[in-house]
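For reference, the chains in residue letters:
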Amino acid sequence: MRVFVAGATGAVGSLLAPMLVGAGHEVTGTSRTLAGIERIRNLGATGVQADALDADSLRQAVCAAAPEVLVHQLTDLSGADGAANGRIRREGTRNLVEAAKAAGVGRIVAQSISWAYAPGEGPANEAVPLDSTAAQPRARMVDAVRALEETAAELGTAVVLRYGLLYGPGTWYAPGGAFAAALTGDGSARFLGSTVANDAVSSFVHVADAARATLAALDWPGGPVNIVDDEPAPAHEWLPALVKALRVPAPGPVTGRQEWERGAHNTLARSRGWQPEWPTWRTGFAARRDNL
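Before going into details, it helps to say that this report is about the structure given with it. No experiment lies behind these values; they were computed from the predicted model shown.

A cis amide bond, omega 5 degrees, links Q136 with the succeeding residue P137. Its identity as a non-glycine residue notwithstanding, A66 has a phi of 50 degrees, on the positive side.

Next up, the structure:
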């Protein structure tokens, strides 16, 4: 299959590209820089220069590759700028979908998130609507996620992968990453997540498991699918385990959570055959520690 990966040098994309090549797919990946194109080539794929916010360059790249499926891994998180990432979700997705239409592509697999669900008790499944009651700044994030998912759905088949919090190489939760820097008091650390050991429930997924799910999703039916591990957990449980793995100071526990901080279920993804190598953050975090 001819697969076009928009965002092939990101945390998921850089693991996904060689998986796709290894599975026998013909892969084209995008980067905004020449250095990124070289990285893509070293992964065994064809690299093309394209900017998600430049509709013309993206359309030319997609049409030239003539893919059978698009994989949307576009983000703008290096600067921890929520507005910039929201623009990628809205405008970048729009440009990518319009490029797909111009190239006659009817299938897309798109990266979304699993913490945009409406408030409620217990982990959310895919039947729970996105949050329509959020106050700012969460409302801007949810609106951008909604725009991404609705735009992707304009194509014939749109598989929307709602990833959990990504940990592992290239993520904020990696050794030396933004989470560790924020906990050590690095004033220059840019991080959009929480470092509070409270009752807020989160769902994690190792970045390699997210990439494997994306590979599998090439053949899945359309619709949203939570890509999370088996153990949603409150921060006062997972945060001490993570700081132990990263060898950084641990904040003291506190009480309280927002009603939307509920985690997510992975029942649907598992019913489709996806089996995470790291089914719980407990062993995943410990493995990071052992490999430091």
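Counted residue by residue, strand β2 (residues 26-31) has 5 buried out of 6 residues, so it is predominantly covered. Bridge analysis of strand β1 (residues 2-6) against β2 gives 4 bridges, and the strand direction is parallel. In the sheet register, F4 faces β2, and the bridge partner there is T28. Remark: the β1/helix α1 (residues 13-22)/β2 crossover connection has right-handed handedness. Pairing of β2 with strand β3 (residues 46-49), which is carried by 4 bridges, proceeds in the parallel orientation. Looking at β3, one finds that S31 is bridged to Q49. At this point the chain moves from β2, through helix α2 (residues 34-42), to the parallel β3, and the crossover so formed is right-handed.

Where α1 contacts helix α7 (residues 207-216), the two axes come as close as 9 Å, and the packing angle between them is 45 degrees. Compared by their axis directions, α1 and α7 come out oblique. Where α1 crosses over α7, the handedness of that crossing is right-handed. Residues L15, L16, M19 and L20 of α1 touch α7, and the partners they reach there are V207, A208, A211, R212, T214 and L215. Along the lines of polarity and charge, the residues of the contact of α1 with α7 split into 8 nonpolar, 1 polar and 1 charged.

So, how was this worked out
- Residues numbered from 1 in each chain as written.
- Predicted model: local features only at pLDDT ≥ 70, side-chain atom pairs only at ≥ 80, totals over all residues.
- Heavy atoms only, no water.
- Buried < 20%, exposed > 50% of the residue type's maximum accessible area, 1.4 Å probe, protein only.
- Helix = DSSP H or I, 4+ residues; strand = E, 2+ residues; numbered from the N terminus.
- Pairing = 2+ DSSP bridges.
- Right-handed = clockwise from strand over helix to strand, strands pointing away.
- Axes fitted to C-alpha atoms, helices over the stretch in contact; angles between N-to-C directions.
- Parallel < 35°, antiparallel > 145°, perpendicular 65-115°, else oblique.
- Left-handed = near helix turned anticlockwise from the far one by under 90°.
- Contact = heavy atoms within 4.5 Å.
- Nonpolar A, V, L, I, M, F, W, Y, C, P; charged D, E, K, R; others polar.

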